[in-house]
Amino acid sequence: MDYTLIAPYLPDLLSGFWITVQLSVLTLVLATPIATAIALGRDLGPRPLARALAVLVNAVRLLPALIVLYFVFYGGPQLGLRMKPMTAATIGLVAMGAAYMSEDIRGGFSALDRGQLAACRALGLPFGHALRRVLLPQALPLIVPPYMTRAIIMVKGTSLASMVSVADLTAEATRASSITYQPYVFVLLAGVLYLALSGVLVAFQAWVERHLRLRYRLAR
Amino acid sequence: MPSPFVSASNLRKTYGDFTALDGVSLSMDRGEVVAVIGASGSGKSTLLRCINYLDPPDSGEVRVDGVRIGYGEGAREDRALPERDIRRQRAEIGMVFQHFNLFPHFTVLQNLIEAPMAVRGLSRAEATERARDLLNRVGLSGREGAFPAELSGGQQQRVAIARALCMKPRLMLFDEPTSALDPELVGEVIAVMRSLAEEGMTMLVVTHEMDFAAQTASRVAFFDAGKIVETGPPAQVLRSPQHPRTQAFLQRILRSH
Amino acid sequence: MTLDFSTIPEVWPALMKGAGVTIQLTLAVLILATPGGLLVAFLRLAPQPWLRALVLALSWIFRGIPPLLLLFFAFFGLPIMGLTLQPLPAAILAMTTYMSFYFGEIFASGLRSVPPGQAQAAAALGIPAHRTLMRIILPQTIPAALPPYISHATEILKGTALAAAVAVPELSNAAKKIFVVTYRPLEVLIVAAAIYALLDGVLLLLQMFGERWSNRRRAGR
Ligand SMILES: Nc1ncnc2c1ncn2[C@@H]1O[C@H](COP(=O)(O)OP(=O)(O)O)[C@@H](O)[C@H]1O
Ligand SMILES: [Mg+2]
């Protein structure tokens, strides 16, 4: 292994990592509220909305993520929607992530006793209040573990952005390896960085679960 | 003749092809306790849910103290109200469920004060004072810091009754409040309901407790296939039922006890 | 704008060829990763703590790194070790490796779902260990493991699209090669998406039957 061969590409790798971090945060931050809205729409919304959302979610879940990204990146311009690779990748990843995540969230809500909502309504509590104070606190501990598993899958999934010209960590590692013929170093480095991102999420999950346990002494 | 305190007229409710309420009419005077009996699936719960518009009836009307539930007052009586206003009307009607439906992540006290603060705008101090009074009345003072899962079923149901009363309702609906309880815990809940009746609360109680129906109710209504087929004083409906379905139902109940 | 599917018949054979590679890749990975997963599961429950720890670490690594990176490594990294593979075998190798660890988790929790009393009862009856495993334990893990197993099979199918990155001529790759020439990506992508959905549909049907079968088995316990 020749360090002088590798050193010039380390800044590239770092900037790729930064793009990956941005993509990850952006995808998670945008997909979460959308997924929540989809889950609520499907479980509590009017029938036609629930149906339309179900079709959309299941269609997206049937497709490889790469095809969804191609739709946005290559198909978009055909509809007059020309966008930067980063934008296209974010849209595609958010669409994918939100579809899967909405299922995770619905799973948490479906474990809730229907009687809880009935009790809130019988007391005259506004829906928003019932959601915030009664339904979410009970659903959250059930949602957090699958949500975090999904978040980690989504972070790994950002690597697909490299297939639509985004210079993310995977793209930079690939490029550096094929130029230098040192795939071990670069793939290993990239792998470690991805694992570090997952590690951050796992730590976050532990913190959230502890926080929820303390905040709502769920005695079940 | 004064109009009744509660009147449900000609309520109809269908789920798909299935008719759950097939033209039900029922009126209650202020302070009256009406027991509703009938086989499971006959539509008793549906009637309660239609009365407080948890599930609006397809047709028919419900009035409590002259006000039509789900609709405007006076000149605006033909206008359906938005959910926000129905909610305000619903807050006047307390409901107690078979499975208590207490909020498991709240303490007993939090269960009681949540709605008075959020819906009635009470301060925490006011709500807490009211809640303590009620917990005392249902025999649970001192348990306000407990979580529902730490209580017995009978205690949970008494908390649920106190939670409903904390809104100062004018009418109380009970949906089989003792059906989910172990037999030895039924008595404590019935006792609370009895004292509530003695204080003059207007109560509509779906129940299989024939003792409660016989001793506390002023009237018994027998439900069958979405209809009230027989109604009258307990002595009459329970001892000498006229309708063959009532006779069959009561016989089955007697045999199982 | 209007969609124009008139060029589809012309490119249909190329898409079908791609779909054929996709199916091959899916089946190969499914067939190889299943015993791979069993191996991982047994090692995860091995008596030696160090072995369990090692496999746990490998499992965490292989499930924590993006599959795309692993594919890329198999394609570019292995030749340096003297193992030069064609794109398709390289993709099969990479996908089999990481899918074995995913399956390993499923099978391990399936094995854990069998009450310990079962092995004790078999031991009390004097049934030899390997026979206990094959005849008593494994059959009982199937109901718990089958539904997630099949749902991961759809993940394999969808994951095959990544092999495009190492020049495997599978469906998404075929689609891309076509639309960079025709300049009408939407039509080709819609057709490709429909083919993926159809293949997924087959697996989902299997999953439905599998779940029904599993539920009956579990209810009977
Ligand atoms: N939300 C609903 N959707 C469909 N059917 C319902 C719904 N609620 C009640 N039903 C049906 O209406 C009938 C009466 O139910 P219910 O009022 O709960 O009976 P009861 O309380 O007398 O046992 C039952 O057959 C039930 O299946
Ligand atoms: Mg009922």
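Residues numbered from 1 in each chain as written. Chains lettered and ligands numbered in written order. Predicted model: local features only at pLDDT ≥ 70, side-chain atom pairs only at ≥ 80, totals over all residues. Heavy atoms only, no water.

The name an unreviewed UniProt entry gives chain B is Amino acid ABC transporter ATP-binding protein, PAAT family, with Alloyangia pacifica as the organism. The annotation that UniProt attaches to chain B under Sequence similarities (unreviewed entry) is "Belongs to the ABC transporter superfamily." (UniProt positions renumbered as here; feature names shortened; annotations may be inferred.)

For chain A, the name recorded in an unreviewed UniProt entry is Polar amino acid transport system permease protein, with Alloyangia pacifica as its organism. For chain A, the Sequence similarities (unreviewed entry) comment in UniProt is given as "Belongs to the binding-protein-dependent transport system permease family. HisMQ subfamily."

Caption draft 1: Fine view of the UniProt feature "domain: ABC transmembrane type-1" (unreviewed entry) in chain A. Mapped onto this numbering, the UniProt entry gives "domain: ABC transmembrane type-1" (unreviewed entry) at residues 17-205 of chain A. Each end of residues 17-205 of chain A is marked by a C-alpha atom, and these two atoms are 22 Å apart; helix forms 84% of the span and strand 0%. (Helix = DSSP H or I, 4+ residues; strand = E, 2+ residues; numbered from the N terminus.)

Caption draft 2: Quick look at the packing of aromatic side chains. Residue and element names in this part refer to chain A. With the rule as written, the count across this model stands at 16 aromatic pairs over all chains. Here Tyr9 and Phe186 contribute two aromatic rings whose centre-to-centre distance is 6.2 Å and whose plane-to-plane angle is 85°, an arrangement assigned as edge-to-face. Placement of Tyr9 in the loop between α1 (3-6) and α2 (10-44) and of Phe186 in helix α9 (residues 183-215) is noted, with a sequence separation of 177 residues between them. Assigned by exposure class, Tyr9 and Phe186 land together as buried. (Phe/Tyr/Trp six-rings, centres within 6.5 Å; stacked < 30°, edge-to-face > 60°. Buried < 20%, exposed > 50% of the residue type's maximum accessible area, 1.4 Å probe, protein only.)

Caption draft 3: Here's a closer look at the packing of helix α4 (residues 65-78) of chain A against helix α5 (residues 85-110) of chain A. All names here are of chain A. With their axes 8 Å apart at the nearest point, α4 and α5 run at an angle of 135° to one another. Relative to α5, α4 is oriented oblique. For the element pair α4 and α5, the recorded crossing hand is right-handed. Contact residues: Ala65, Val68, Leu69, Val72 and Phe73 in α4; Pro85, Ala88, Ala89, Ile91, Gly92, Leu93 and Met96 in α5. Residues that form the contact of α4 with α5 fall into these classes: 11 nonpolar, one polar and no charged. (Axes fitted to C-alpha atoms, helices over the stretch in contact; angles between N-to-C directions. Parallel < 35°, antiparallel > 145°, perpendicular 65-115°, else oblique. Left-handed = near helix turned anticlockwise from the far one by under 90°. Contact = heavy atoms within 4.5 Å. Nonpolar A, V, L, I, M, F, W, Y, C, P; charged D, E, K, R; others polar.)

Caption draft 4: Structural view of the interface of chain C and chain A. With 37 residues of chain C in contact, the opposing surface of chain A contributes 32 residues. At the boundary of chain C with chain A, total buried surface from both sides reaches about 3200 Å², with 79% on carbon and sulfur atoms. On the chain C side of the interface with chain A, the three residues burying the most area are Leu69, Phe72 and Leu189 of chain C, jointly 18% of the side's total. Our enumeration of links across chain C and chain A arrives at zero salt bridges. In this structure, the connection of chain C to chain A is made through seven residue pairs in polar contact (both at pLDDT 80 or more). Those elements that provide at least two residues to the side of chain C that touches chain A are α2 (49-64), α3 (67-76), α6 (129-159), α7 (171-182) and α8 (185-219) of chain C. Per-element tally for the side of chain C that touches chain A: the top contributor is α8 of chain C, with 11 residues. Taken together, the residues of the side of chain C that touches chain A break down into 27 nonpolar, three polar and seven charged. (Buried area = accessible area lost by both parts, 1.4 Å probe. Salt bridge = Lys/Arg side-chain N within 4 Å of Asp/Glu carboxyl O. Polar contact = N/O pair within 3.5 Å; in protein donor to acceptor, adjacent residues only side chain to side chain.)

Caption draft 5: Layout of the interface of chain B and chain A. Contacts between the two partners involve 25 residues from chain B, matched on the other side by 22 residues from chain A. Buried area between chain B and chain A, both sides added, is near 2100 Å², and the carbon and sulfur share of it is 61%. Linking chain B to chain A there are one salt bridge. Arg133 of chain A serves as the salt-bridge partner of Glu114 of chain B, at 2.6 Å between the closest nitrogen and oxygen. Remark: the boundary between chain B and chain A carries six residue pairs in polar contact (both at pLDDT 80 or more). Among the secondary structure elements, those contributing two or more residues to the side of chain B that touches chain A are α2 (83-90), β6 (93-96) and α3 (108-119) of chain B. Looking at the side of chain B that touches chain A element by element, the count peaks at four residues for α3 of chain B.

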